[in-house]
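Each chain, written out:
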Amino acid sequence: MKNAGGQRGFLMGDLARIAVFAALIAVLGAPGSFNVFGNPVPITLQTLGVMLAGAVLGSWRAALAVVVLLVLVAAGLPLLAGGRGGVGVFTAPSAGFLIGWIPAAAVTGLLVERAGRTPSLLRLLVACVVGGIGVVYLIGVPVQALITGLPLTEAMRLSAVFLPGDLVKAVVAALVARGTQRAYPDAVPAVHNERVR
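Residues numbered from 1 in each chain as written. Predicted model: local features only at pLDDT ≥ 70, side-chain atom pairs only at ≥ 80, totals over all residues. Heavy atoms only, no water.

Looking now at the side chain of Glu113. Tracing the sequence through the fold places Glu113 in helix H4 (residues 95-114). Although Glu113 is buried, it forms no salt bridge, and the closest oppositely charged side chain is Arg61 at an N-O distance of 4.9 Å. Discounting residues that sit within four places of it in the chain, Glu113 has contacts with Gly58, Ser59, Pro189, Ala190 and Asn193. (Helix = DSSP H or I, 4+ residues; strand = E, 2+ residues; numbered from the N terminus. Buried < 20%, exposed > 50% of the residue type's maximum accessible area, 1.4 Å probe, protein only. Lys, Arg positive; Asp, Glu negative; His and termini not counted. Salt bridge = Lys/Arg side-chain N within 4 Å of Asp/Glu carboxyl O. Contact = heavy atoms within 4.5 Å.)

So, in structure tokens, the structure goes:
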């Protein structure tokens, strides 16, 4: 679908899916958060939502879903785990992880798009690990070190405690995405992209 200017317009379905996944990421914060081993960055379920957004929506829709969520958080809505919200969260030790959700969702989605019309469970898992873990840590850990004044190696050590749980989230995200795409083939990002061109 293209508008008069020759640019593809947003489809209403895309807007609805973006809103649904922004809400899903927010809802995954409802169980709360907890800190372990003195790490000021909390453990939450919300990264699972970021991985799912990428695996189901594809790159730009997933990134936009995260942007919508973070804009609402910045506006003061308590949508992060533990009921956190407001611009202050973007100066906290977890700020880099939050900002990292945007490229994480985009990279996860891009890798799933590149996997074609029938992405395997393994490719979905790799996409979730690379985007939802690798990209998030790549941004989050250095920012945490910068804000807290910790050496980078110490911030890396503290963040290593997240890895087992994040790997479980990646497996769950891949399984849910695979099940969704089998039941509803239009949920495959590559297929959806072809339909809206």
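Additional details are given in the paragraphs that follow.
Here helix H7 (residues 163-183) contains 21 residues, and its C-alpha end-to-end distance of 30 Å stays within 8% of the 30 Å for a straight helix at 1.5 Å per residue. All buried positions along H7 are accounted for by Asp166, Lys169, Ala170, Ala173, Ala174, Ala177, Arg178 and Gln181. Angularly, the buried residues of H7 cover 165° about the axis, an arc narrow enough to put them on a single face. Turned more than 90 degrees away from the buried face of H7 sit Pro164, Val168, Arg182 and Ala183, all of them exposed. (Expected span 1.5 Å × (residues − 1). Arc of directions from axis to C-beta.)

Moving on, we come to the packing of aromatic side chains. In this structure the tally under the stated criterion is two aromatic pairs. With a centroid separation of 6.5 Å and an interplanar angle of 80°, the aromatic rings of Phe97 and Tyr137 are classed as edge-to-face. You can see Phe97 sitting in helix H4 and its partner Tyr137 sitting in helix H5 (residues 121-148), a full 40 residues away along the chain. Given a relative accessible area of 8%, Phe97 falls into the buried group. For Tyr137, a relative accessible area of 16% gives the class buried. (Phe/Tyr/Trp six-rings, centres within 6.5 Å; stacked < 30°, edge-to-face > 60°.)

Next up on the list: the environment of Val143. Within the secondary structure, Val143 sits in helix H5. Judged by relative accessible area, which is 25%, Val143 ranks as partly exposed.

This next bit is on the layout of surface pockets. The calculated volume of the largest pocket comes to roughly 280 Å³. In terms of lining, the largest pocket is formed by 18 residues, of which the most central are Pro42, Ile43, Thr44, Thr47 and Lys169. Residue composition of the lining of the largest pocket, grouped by class: 10 nonpolar, five polar and three charged. (1 Å grid on protein atoms, 1.4 Å probe; cavity = no way out; pocket = protein on both sides within 12 Å on 5 of 7 lines; lining within 4 Å. Points joined across faces, edges and corners; volume = space filled by probe spheres on them. Nonpolar A, V, L, I, M, F, W, Y, C, P; charged D, E, K, R; others polar.)

Before going further, it helps to spend a moment on the pattern of salt bridges. On inspection of all chains with the given rule, the structure shows three salt bridges. For Arg61, the salt bridge is made with Asp14, and the minimal N-O distance between the two is 2.9 Å. Here the residue Arg61 occupies a position in helix H3 (residues 59-74), and Asp14 occupies one in helix H1 (residues 12-27), the gap between them amounting to 47 residues. The same class applies to Arg61 and to Asp14, which are both buried. The residue Glu154 makes a salt bridge to Arg157 at a minimum N-O spacing of 2.6 Å.

Within the secondary structure, Leu69 sits in helix H3. A C-alpha to C-alpha distance of 8.7 Å links Leu69 and Ala19, two positions 50 residues apart in sequence. Among all residues touching Leu69, those that are not within four sequence positions of it are Ala22, Ile25, Ala26, Leu79 and Trp101.

A cluster of nonpolar side chains, contributed by Leu111, Leu122, Val126 and Val130, occupies part of the molecular surface with about 320 Å² of accessible area. Sorting elements by how many residues they give to the nonpolar patch places H5 first, with three residues. Looking at the secondary structure, you find Leu111 in helix H4. Relative accessible area serves as the criterion here: at 32%, Leu111 is assigned to the partly exposed category. (Patch = residues over 30% accessible without salt bridge, like charges linked within 9 Å, V, L, I, M, F, W, Y side chains within 5 Å. Areas by Shrake-Rupley, 256 points an atom, 1.4 Å probe, with all protein chains shown as cover.)

Our focus in this paragraph is the nonpolar core. Judged by nonpolar contacts, the single largest core of 44 residues is most densely connected at Phe21, Val50, Val66, Leu69 and Trp101. The set of elements that each furnish at least two residues to this core consists of H1, helix H2 (46-57), H3, H4, H5 and H7. The greatest single-element share of this core, amounting to nine residues, is contributed by H5. Apart from the residues lying within four places of it in its own chain, the contact partners of Val66 are Ile25, Val50, Trp101, Ile102 and Ala105. (Core = buried A, V, L, I, M, F, W, Y, C linked by side-chain atoms within 4.5 Å.)

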